[in-house]
Amino acid sequence: MELRRRDYHVERPLLNQEQLEQLGHWGSVTGAPKWRTWFQCSHARARALLFRCLPVLAWLPQYPVRDWLLGDLLSGLSVAIMQLPQGLAYALLAGLPPVFGLYSSFYPVFIYFLFGTSRHISVGTFAVMSVMVGSVTESLAPDEAFLQTSNSTVDQVARDATRVQLASTLSVLVGLFQVGLGLVHFGFVVTYLSEPLVRGYTTAASIQVFVSQLKYVFGLRLSNFSGPLSLIYTVLEVCQKLPQAVVGTVVTAIVAGVVLVLVKLLNGKLQRHLPLPIPGELLTLIGATGISYGVGLKRRFGVDVVGNIPAGLVPPVAPNLQLFVKLVGNAFAIAIVGFAIAISLGKIFGLRHGYRVDSNQELVALGLSNLIGGIFRCFPVSCSMSRSLVQESTGGNTQVAGAISSLFILIIIVKLGELFQDLPKAVLAATIIVNLKGMLMQFTDICSLWKANRVDLLIWLVTFVATILLNLDLGLAVAVAFSLLLVVVRTQLPHYCVLGQVPDTDIYRDVAEYSEAREVPGVKVFRSSATVYFANAELYSDALKRRCGVDVDQLISRKKKLLRKQELKLKQLQKKLQKQGAASKGTSVSANVNTSDGDIESNNVEGSKAQQVSTENELEDTAASGQEEAKAPDASTLRALGLPQPDFHSLVLDLGALSFVDTVCVKSLKNIFRDFREIEVEVYMAACHTPVVTQLEAGHFFDASITKQHLFASVHDAVIFALQQPRANPVGPVLVTKL
């Protein structure tokens, strides 16, 4: 059935701001101060606070065992199988013995199970976080600082102990930052890390990770570079020392990498037919360990192996408070990056499965994971993208899967960890490099962003280049600063336009974009696409005067110059009249003196007096006419001064884009009213939001000359009101139709 076209007729009165406030009974919001509610206590309030701080108490009692337990169990085992090799490998990235990667895969995961709000993310070791930790440990505890004087070898025991202390203290400091930010509800800080920024940063971090593993792939001993251009120096040194590469180590890494890639391809093809993915990483680690032990790769071919992995857990140790000053900058950067990665993944899974992720509670949960983990010798952790996808795809429904994976890691730490002492480090390096595929594929963002948004592409490229050249901490700072600067620049260069009316509607659109939109004769409607504040207030005024087609400043300057000339002529005329009056009085006195002899005839004396009286009357009339001419109401108008008049009598400012008002904006708007009134154009404002009106009142914008009658609910109301005002010289016919 076809819909018939209907003509709608709507009538409503014109509303300015005063009328709108009276009609809607506007009043400022009043209520009890928020701080009073902080001290109110009740059973329901305490229960809600407990559930918010410890979310596991809210969902675990309602856990559907029959429906979800099997999926969480299989998911937890799958994630644990990935956690084992990744924990060992990412510990090498952090510059620590591999066993500490297992610790970091147990304590933080269980803490997040208690305090986290995301059901699907897998917390634990992550490549980006590990390489950020490694840049800190290797710069503050380089190998050169532990050289033994006897044989010029590195004291690995002392070096590892120092690096472990640095990493655990860093984890505690990261946790303190995250918990503190979460308690003050600072979770919105992640909004300043846009998606292009995060993706460009993780892509650059993946390059850092790849380069850091080259020494294990080739079996080289490299210098520990830190600071800007350290990545470039490392690549140059690797190229320089390639002839010294250990052949056995290179072959081991290549074979392990090929096996891992083939297993991943096989998993991709058989994904629909397999209940669980083939644990290629675990099988590769077990096979490589068996081959290394049986063949003796370290003894016969010089392949470097993991070495001693102590069984059991380590006792908690207090952090070294003296290191806080050295680590505070890196800790804040790691805290922000770790939270940004975790919350972005958490919100993706939350939207996909229909539940809410609390960003502030996520900060607290991650902070407690790092804080408590640091006390138990863990390094900072975050959320792994690959493990999170496995946890979701294998049937995981809640963080019970995370708790199961942490318990499986606990068993390995207590009993099975020492079995991997002969595992070649080249296999771990190959595992890391193969797992970088997802982040390296983010290079395709360049093509997609080039088509979608080139400003975001610029952010991506600047973040990537800055992180590559300046290292991870400085690169992040430069990326955030550039992103914020770009926001400021974009607000300083908004889209300014003159609006015209679409025929037979009350809709106003840019006349440059809509060919049917026509400017209302006698009225200019101006709009900015961004809010007006201190950074772009002057640009707004300049664009307004430019788009109106009138050089307002020059016209005001010419008007003032002509008025000054008029005033100067009037003063000169008054002085001339005063001189002429004084001269006439002097003439009458001398005539009286000269005629004192009585020899002059009486008719001559009377003629002289008559001439004097007529001269004085003429001077007075001339002065009076000059003063009246100066005081005439139209003497200072543009037409009276012979200046060109604007082709419009009213200006409407569409302020619908204003989200806030500062003092500079208030002054700029007042100047606009003053300048356009100087050239006989009345100014109106339209579409202001209520908070903006309140801020204008607080800034003393409204006074005797600017009232709320100049402020209208819509642009159409302002245009109709402007056209209805009486004009001595109206400009064009009224073409606006009132709906």
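These numbers come from a predicted model, not from an experiment.

Parameters and conventions
In every chain, residue numbers begin from 1 and rise along the written sequence. Local features in this predicted model are restricted to residues of pLDDT 70 or higher, and side-chain atom pairs are both shown and tallied only at a pLDDT of 80 or more, whereas totals for entire chains, interfaces and linings draw on every residue. Excluded from the side-chain calculation are hydrogens and water; included are all heavy atoms of the structure. Every helix listed is a DSSP run of H or I at least four residues long, and every strand listed is a run of E at least two residues long, numbered separately from the N terminus. Burial status follows relative accessibility: with a 1.4 Å probe on protein chains alone, a residue under 20% of its type maximum counts as buried, one over 50% as exposed, and anything between as partly exposed. Working rule for contacts: check all heavy atoms of both residues, and any pair within 4.5 Å makes them a contact. Ring geometry is summarised as follows: Phe, Tyr and Trp rings, the Trp one being its six-membered ring, pair when their centres sit within 6.5 Å, and such pairs are stacked at plane angles under 30 degrees, edge-to-face over 60 and tilted between the two. Charges are assigned to positions over rings by a cutoff of 6 Å between ring centre and Lys NZ or Arg CZ, combined with an angular limit of 35 degrees from the ring normal. Residues belong to one nonpolar core when they are buried, are Ala, Val, Leu, Ile, Met, Phe, Trp, Tyr or Cys, and are joined through side-chain atoms within 4.5 Å. What a helix is expected to span follows from its residue count: subtract one and scale by 1.5 Å. An axis is simply a line fitted to the C-alpha atoms; with a helix, the fit covers only the stretch in contact. Between two such axes, the angle follows the N-to-C directions and lies from 0 to 180 degrees. Here roughly perpendicular refers to angles of 65 to 115 degrees, roughly parallel to angles under 35, roughly antiparallel to angles over 145, and oblique to all remaining angles. With the far helix as reference, a near helix turned anticlockwise by less than a right angle produces a left-handed crossing, and one turned clockwise produces a right-handed crossing. Asp, Glu, Lys and Arg are counted as charged, while Ala, Val, Leu, Ile, Met, Phe, Trp, Tyr, Cys and Pro are counted as nonpolar; the rest, among them Gly, fall into the polar class. Pairing between strands requires that DSSP locate at least two bridges from one strand to the other. Throughout this description, a polar contact denotes any pair of N or O atoms lying within 3.5 Å of each other; where both atoms belong to protein, one of them has to be capable of donating a hydrogen while the other can accept it, and for residues adjacent in sequence the pair is counted only when both atoms sit in side chains. UniProt positions are given in the numbering used here, feature names are shortened, and annotations may be inferred rather than shown by experiment. Patches in this entry comprise residues that are over 30% relatively accessible and not in a salt bridge; like charges within 9 Å are linked, as are nonpolar side chains (Val, Leu, Ile, Met, Phe, Trp, Tyr) within 5 Å. What sets the accessible areas is the Shrake-Rupley method with a 1.4 Å probe; for residues, cover comes only from the shown protein chains. One speaks of a salt bridge when a side-chain nitrogen belonging to Lys or Arg is within 4 Å of a carboxyl oxygen belonging to Asp or Glu. Under the counting rule used here, the positive set is Lys and Arg, the negative set is Asp and Glu, and His together with the chain ends is not counted. Here the site of a charge means NZ on Lys, CZ on Arg, CG on Asp, or CD on Glu.

J.: Explain the side chain of aspartate 654 here, please?
T.: By the secondary structure assignment, aspartate 654 is in strand 6 (residues 648-654). Owing to a relative accessible area of 9%, aspartate 654 belongs among the buried residues under this scheme. Aside from chain neighbours lying at most four places away, what touches aspartate 654 is Leu499, Phe526, Arg527, Ser528, Ala686, Ala687 and Val715.

J.: Would you mind going over the packing of aromatic side chains with me for this structure?
T.: Each pair of aromatic rings is reported with the distance of its centres and the angle of its planes. In this structure the tally under the stated criterion is 20 aromatic pairs. Linked through ring pairs, Trp59, Phe110 and Phe113 together constitute an aromatic cluster. Arginine 119 extends its terminal NZ or CZ atom over the ring of tyrosine 355, reaching a point 4.5 Å from the ring centre. Over the face of the ring belonging to tryptophan 450 we find arginine 454, whose NZ or CZ atom lies 3.8 Å from the ring centre.

J.: Would you mind showing me how to read the nonpolar core here?
T.: The nonpolar side chains of a soluble globular protein tend to be buried with one another. Counting 103 residues, the largest nonpolar core has Leu84, Val128, Met132, Leu170, Leu423 and Leu428 as the members making the most contacts within it. Excluding anything up to four places from it in sequence, leucine 170 contacts Val133, Val136, Leu327, Asn330, Ala331, Ile334 and Pro380. Val661, Phe676, Ile679 and Val693 belong to the second-largest nonpolar core, a separate cluster that totals 39 residues.

J.: Quick question: what am I supposed to make of unusual backbone geometry here?
T.: Positive phi is not limited to glycine here, since leucine 229 has a value of about 65°. Even without a glycine there, the phi angle at histidine 700 is positive, about 55°. Structurally, the position occupied by histidine 700 is in the loop between helix 29 (690-698) and strand 8 (711-712).

J.: Can you help me understand helix 10 (residues 195-212) in this one?
T.: Note that an α-helix has 3.6 residues per turn; residues three or four places apart therefore point the same way. With 18 residues, helix 10 extends 25 Å from end C-alpha to end C-alpha; this agrees with the ideal 26 Å at 1.5 Å per step. Of all 18 residues in helix 10, 13 are buried, a share of seventy percent or more.

J.: Can you help me understand the packing of helix 8 (residues 127-140) against helix 10 in this one?
T.: Two quantities define a packed helix pair, namely the angle between the helix axes and the distance between the axes. One can describe the packing of helix 8 onto helix 10 by two numbers: an axis separation of 9 Å at closest approach and a directional angle of 60°. On the basis of the axis angle, helix 8 is oblique to helix 10. For the crossing formed where helix 8 meets helix 10, the hand is left-handed. Where helix 8 approaches helix 10, its residues Ala127, Val128, Val131 and Met132 are matched on the opposing element by Tyr201, Thr202, Ala205, Gln208, Val209 and Ser212. When its residues are assigned to classes, the contact of helix 8 with helix 10 shows seven nonpolar, three polar and no charged.

J.: Explain the pairing of strand 5 (residues 522-528) to me, please; I cannot follow it from the model alone.
T.: Across the seven residues of strand 5, six count as buried, placing the element largely inside the fold. Bridging between strand 5 and strand 6 involves six bridges; their strand directions are parallel. Considered in strand 6, the bridge of phenylalanine 526 is made with leucine 653.

J.: What exactly am I supposed to notice about the side chain of glutamate 392 here?
T.: Relative to the helices and strands, glutamate 392 resides in helix 18 (residues 385-393). A polar atom in the side chain of glutamate 392 sits 2.7 Å from the side chain of histidine 353. Leave out the neighbours within four places in its chain, and glutamate 392 touches His120, Phe349, Arg352 and His353.

J.: Explain the sheet that holds strand 6 here, please?
T.: Note: strands within a sheet are paired through backbone hydrogen bonds, in either parallel or antiparallel orientation. On the basis of which strands lie adjacent, the open sheet formed by six strands has the order 4-3-5-6-7-8 and mixed pairing. Pairing within the sheet leaves two strands with one partner each, and these edge strands are strand 4 (508-510) and strand 8. With five bridges connecting them, strand 6 and strand 7 (residues 682-686) associate as parallel partners. Along strand 7, the bridge assignment pairs leucine 651 with valine 683. Helix 30 (residues 715-724) rests against strand 3 (496-501), strand 4, strand 5, strand 6, strand 7 and strand 8 of the sheet, and its axis sits at about 165° to strand 6.

J.: Just checking my understanding: could you explain the UniProt feature "transmembrane region" (unreviewed entry) in the chain for this structure?
T.: Those places that UniProt annotates as "transmembrane region" (unreviewed entry) correspond, in this numbering, to residues 88-115, 170-193, 242-263, 331-351, 363-379, 400-420, 426-450 and 457-489. Secondary structure within residues 363-379 divides into 76% helix and 0% strand; the distance between the first and last C-alpha atoms comes to 17 Å.

J.: In this structure, what is going on with a nonpolar patch on the surface? I would like to understand it.
T.: A surface patch of nonpolar side chains, about 570 Å² in accessible area, is lined by Phe225, Leu229, Ile232, Tyr233, Leu236, Val465 and Leu469. Secondary-structure elements contributing two or more residues to the nonpolar patch are helix 12 (230-240) and helix 23 (454-492). Sort the elements by how many residues they give to the nonpolar patch and helix 12 lands first, with three residues. Relative to the elements of secondary structure, isoleucine 232 occurs in helix 12. Residue classification places isoleucine 232 among the partly exposed positions, given a relative accessible area of 35%.

J.: Would you mind going over the pattern of salt bridges with me for this structure?
T.: It is possible for side chains bearing opposite charge to pair when their charged atoms get close. The final tally for this structure, using the stated rule, is 17 salt bridges. For aspartate 445, the salt bridge identified is with arginine 199, shortest N-O distance 2.5 Å. Of this pair, aspartate 445 sits in helix 22 (residues 445-452) while arginine 199 sits in helix 10; the two residues are 246 residues apart in sequence, bridging distant segments of the chain. Residue aspartate 445 is classed as buried on the basis of its relative accessible area of 10%. A relative accessible area of 28% places arginine 199 in the partly exposed class. Here arginine 677 and glutamate 682 are joined by a salt bridge, their closest N and O atoms 3.0 Å apart. Each member of the salt-bridge network shares a partner with another, and the members are Asp143, Arg159, Asp160 and Arg163.

J.: What is the right way to look at a positive patch on the surface in this model?
T.: A surface patch of positive charge is lined by Arg558, Lys560, Lys561, Arg564, Lys565 and Lys569. Its location among the elements puts lysine 569 in helix 25 (residues 552-594). Lysine 569 sits in the exposed class, given a relative accessible area of 61%.

J.: In this structure, what is going on with the pairing of strand 3? I would like to understand it.
T.: Consecutive side chains of a regular strand alternate in pointing toward one face of the sheet and then the other. Within strand 3, six of the six residues are buried, which leaves the element mostly enclosed by the surrounding structure. Every second residue of strand 3 is oriented toward a common face, with Tyr496, Val498 and Gly500 on one face and Cys497, Leu499 and Gln501 on the other, all of them buried. Here strand 3 pairs with strand 5 via four bridges, running antiparallel. Across the sheet, the residue bridging to tyrosine 496 is serine 528, located in strand 5. Across three bridges, strand 3 lies against strand 4 in antiparallel orientation. Bridge pairing in strand 4 links glycine 500 to arginine 509. Taken together, strand 3 and the strand that follows it, strand 4, pair antiparallel across an intervening segment of six residues, in which aspartate 504 is found at a positive phi of about 65°.

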